[in-house]
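Below, each chain spelled out in residue letters.
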Amino acid sequence: MLSGHIHKDLHINSYGSYLRRRFGFRVSKVNVDGGFTCPNRDGSKGTGGCIYCDNASFSPGSTQAVIPLEQQMAEGMEYHRHRLRSEKFIIYFQKFTNTYATVDKLRDNYTRALAHPDVIGISVGTRPDALGDDALSLLAELARNHYVCVELGLQSMDDATLKWMNRGHSLAEYLKTVERVAGRGIDICTHLIYGFPGESRTSFLKTADLLAGLPIDSLKIHQLHAVRGTKLAELYKRKQFLPITREEYTAAVCDFLERLPATLSIQRLYGSAPLDLLIAPVWGLKNNQMWYAIINELGRRGTWQGCRVAGASRRVCNL
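In what follows, the accompanying structure is described.

### Considerations on the packing of helix α2 (residues 69-84) against helix α3 (residues 103-114)
One way to put it is that α2 packs onto α3 with a least axis distance of 10 Å and a crossing angle of 40°. When the axes of α2 and α3 are compared, the pair comes out oblique. Regarding α2 and α3, the two cross each other, and that crossing is right-handed. Contacts from Leu69, Glu70 and Met73 in α2 reach Asn109, Arg112 and Ala113 in α3.

### Observations concerning the packing of aromatic side chains
Throughout the structure, instances matching the rule amount to 11 aromatic pairs. With a centroid separation of 6.0 Å and an interplanar angle of 80°, the aromatic rings of Phe23 and Tyr147 are classed as edge-to-face. Taken together, the residues span a long stretch of sequence, with Phe23 in helix α1 (residues 15-23) and Tyr147 in strand β4 (residues 147-155) at a distance of 124 residues. A network of ring pairs unites the aromatic residues Tyr194, Phe204, Tyr249, Phe256, Tyr270 and Trp283 as a single cluster. The ring of Tyr92 has Lys29 sitting right over it, with the charged end atom 4.0 Å from the ring centre. If you follow Lys105 out to its NZ or CZ, it ends over the ring of Phe36, 4.8 Å from the centre.

Criteria and thresholds
- Throughout, residues of each chain are indexed from 1 in the direction in which the sequence is written.
- Since the coordinates come from a predicted model, pLDDT governs what is reported: local features require at least 70, and pairs of side-chain atoms require 80 or more to be given and counted, while whole-chain, interface and lining totals use all residues.
- As a convention, hydrogens and water are excluded, and side-chain values are obtained from all of the structure's heavy atoms.
- Only C-alpha atoms enter the line fits that serve as axes; for helices the fit covers just the stretch in contact. Angles between N-to-C directions range over 0 to 180 degrees.
- A run of H or I in DSSP counts as a helix once it spans at least four residues, and a run of E counts as a strand once it spans at least two, with each numbered from the N terminus.
- Here the angle decides the label: under 35 degrees means roughly parallel, over 145 means roughly antiparallel, 65 to 115 means roughly perpendicular, and every other value means oblique.
- Here a crossing is taken to be left-handed if its near helix is turned anticlockwise relative to the far helix by less than a right angle, and right-handed if that turn runs clockwise.
- Contacts are assigned to residue pairs that have any heavy atoms within 4.5 Å of one another.
- Here a pair means two rings of Phe, Tyr or Trp (six-membered ring of Trp) with centres within 6.5 Å. Their orientation is stacked below 30 degrees between planes, edge-to-face above 60, and tilted elsewhere.
- Here, a charge over a ring is recorded when the distance from Lys NZ or Arg CZ to the ring centre is within 6 Å and its angle to the ring normal is within 35 degrees.

The structure is reproduced here in structure tokens:
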């Protein structure tokens, strides 16, 4: 039998199952664009952004800053009600750096989202170097009565790789920010990418050991992929970026999950981009197909998330 956090069919602690355990009903995340920018684009930390970044490649077309926030929310919630029969929602401020603004703008965005009767919380995507004390205090205040999650983009624990991708922050800055957020009633989600040039599977798996010792609650992971208009796409065309294979990605992620504590919920296992933007790798699978390729590989192995963690429990969850 598996850990009480692990879904018996999925072999992982999925974020959807976590939300249902926590709230007692189906909850979906709704992406919105709050009209933010990024310190790695406006010159504060750098220009050009990360070499792989094009927000159009991972954001629904209906999430644009020119569309009123309430309209974005309404369209997203209706989609999830129809598709998944979701009852309540978490508004996900996704594009760019969603704590990089005055505290007045942050409060306006966050409280407008939370004012909807079917919204139980917010999730805020940001960078480890862009979460100021005022913004953190505001999020902690909101977390007293609502679900609040801060999503920190780490991407890699290797400082040389962070520099290569023009990330603009270090591992030390990420660790310090996790320390500042922890214990304030705010969930912490970490974002990772696998497939950077020069990165071995062994070095990637060390990140699981790092995360196991941190007070984080959930994880998003996806493959490094090049989309049109990015510096990474230029590197691919010059044969300076060789994407990993689908088989390597699937195996590495399964190895990673086996070493990740079962208490961490998994929000994402794979990244996608519109076909008209995607340059490489082209694996020909939809999101749910790639998700189940990983799930099925765990099943084939007879393993599950956390099974290689010392003292792993084997009590099953039926959600």
